Amino acid sequence: MNKSLFDSFDEVSAKAWKQKIQFDLKGADYNEALIYKSLEGIDIKPFYHQEDIATINTPSTHSTSWKNAIKIEVTDATSGNEKALEAIKKGAESIFFKIESEVVAPKILLKHIPHETSILIEMGFLSVSYIQNLNGVAKSLNLDISVLTDIIGRLANTGNWFKNLKKDYIALTEITKQSTHLKSSICINTGVYQNAGATMVQQLAYAMAHANEYLNHFETKKANPFATSQVIFKVAVGGNYFFEIAKLRALRILWSTLASEYKILEQCHIIAYPSHRNKTILDYNVNMLRTTTECMSAILGGANTIYNLSYDDIYNHENEFGTRIALNQLLILKNESYFDLVQNPASGSYYIETLTNQLAQKALDLFKNIEEGGGFLKQLKSGSIQRKIKENATKEQALFDSEKIILTGTNKYQNPDEVPPAINKQVFPFKKVRKTLLEPIIKRRLSDFIDKKLQ
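I will try to describe carefully the structure that is included in this document.

Calculation criteria
Residues numbered from 1 in each chain as written. Predicted model: local features only at pLDDT ≥ 70, side-chain atom pairs only at ≥ 80, totals over all residues. Heavy atoms only, no water. Phe/Tyr/Trp six-rings, centres within 6.5 Å; stacked < 30°, edge-to-face > 60°. Helix = DSSP H or I, 4+ residues; strand = E, 2+ residues; numbered from the N terminus. Buried < 20%, exposed > 50% of the residue type's maximum accessible area, 1.4 Å probe, protein only. Axes fitted to C-alpha atoms, helices over the stretch in contact; angles between N-to-C directions. Parallel < 35°, antiparallel > 145°, perpendicular 65-115°, else oblique. Left-handed = near helix turned anticlockwise from the far one by under 90°. Contact = heavy atoms within 4.5 Å. Nonpolar A, V, L, I, M, F, W, Y, C, P; charged D, E, K, R; others polar. Core = buried A, V, L, I, M, F, W, Y, C linked by side-chain atoms within 4.5 Å.

**Some details on the packing of aromatic side chains**
- Scanning the entire structure with this criterion turns up 17 aromatic pairs.
- Between F96 and Y307 the ring centres are 5.1 Å apart and the planes differ by 55°, which places this aromatic pair in the tilted class. Within this pair, whereas F96 is found in strand β4 (residues 94-99), its partner Y307 is found in strand β10 (residues 305-307), the two being separated by 211 residues in sequence.
- Its relative accessible area of 1% is what places F96 among the buried residues.
- Ring pairs connect the aromatic residues Y48, Y241, F242 and Y351, which therefore count as one cluster.

**Considering the packing of helix α9 (residues 200-219) against helix α13 (residues 350-372)**
- Orientation of α9 relative to α13, taken along the N-to-C sense of each, is 50°, at an axis distance of 8 Å. Judged by the angle between their axes, α9 and α13 are oblique. Remark: the crossing between α9 and α13 carries right-handed chirality. Contact residues: M200, V201, Q202, L204, A205, Y206, M208, A209, N212 and N216 in α9; L359, K362, A363, L366, F367, I370 and E371 in α13.
- Class assignment of the residues belonging to the contact of α9 with α13 gives a composition of 12 nonpolar, 3 polar and 2 charged.

**Structural notes on the nonpolar core**
- Core analysis: the biggest nonpolar cluster contains 108 residues, and F97, L110, F233 and W255 have the highest contact counts within it.
- It is α9 that provides the largest number of residues to this core, a total of 12 residues.
- Leaving out residues up to four positions away in the same chain, F233 has contacts with I188, T190, A207, M208, A211, L251, W255, C268, H269, I270 and I271.
- If you look at the next biggest cluster of nonpolar residues, it comprises 11 residues, including A69, A236, I271 and L309.

Right under this line is the structure:
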């Protein structure tokens, strides 16, 4: 039978659907009963129709595949190397090293790592000589290494530069010059905005404004790193499933738009990982469900590299069991759920395409507003960025406290007989007040107040 089944049915317009819904509501107001207003300022309709995307031209935003990564906190090169090799044996395709000290020798850390394994390195210090060393190792061992350098992210997260604005920018410029055999050397860390409670529109706009500070700096330089290597965005993914898919897709559209203005590479590399904001200590096993759906959002949204959080990440040190479960979640999504077999799976979804377009447009408007106000750094120094994030975080907290945002087992459906896990005070400390150049963007979990009662 060659005739399509759908040919037997008449097309129904969006107007006809709405009229039918209004009839069934029996006098109730359509907008009040069925329109959900998100914190992003987007009205969510009860249904979406082909007419909703008739004027939307969303480019393909999904990469051909993603790499499952594992994050390793490195204090000793030898043990860090052993953990990496063990993770690769268990299925990790990428290793994300977080190095806090220059005493960690790159040659030892990267010994015997296969050429096909992509390596991401984030350092808690700023050192040109260390980058020179890494660059030499990348050349001699023929390794795919990207360094995640983000001096502005450091300022936003801690309230301080590594040294000061001038010296940090001089070091960053030299780092990009020395990174001849490194795949990338600059990262835009947007996770701090999400984990502090920013809306998705704010996250996207701040990511662009954050990146634009670097673009403005390197535009006047002879060697512009953005012209030859992809920028990396490090993105935290929350629990709003469809919105998070749309957020990552919108990020690519916004970067492509901004990059085209500077005539640089329009592709970017997105590293995605689950947010801390909705993770809990009470009923902590639910964290595994949360991180699974968040990794799914990252995959469907088109992230290039995804690393997972262990279920006990917020209250326990890195441990073998938690790390193994986190990696296994990613392996199941790829090898058993076959999430990597469909190209651009969100394409054509009326709802997601509409969300993507609305998030991108609202973020672009906010980005333009930030630039008209003097740029990201100026507004960060004045406290404007921090204040706006706090305003939304306060709204979210009120919704959580009133159980309109629910974290199962914590603010609703608590188990009265639950025995809380042992909490490592070094991992879950009270916030310490330190002297800073400006007010940092403070990461806050929704369940912080409830969890602190457990200490």
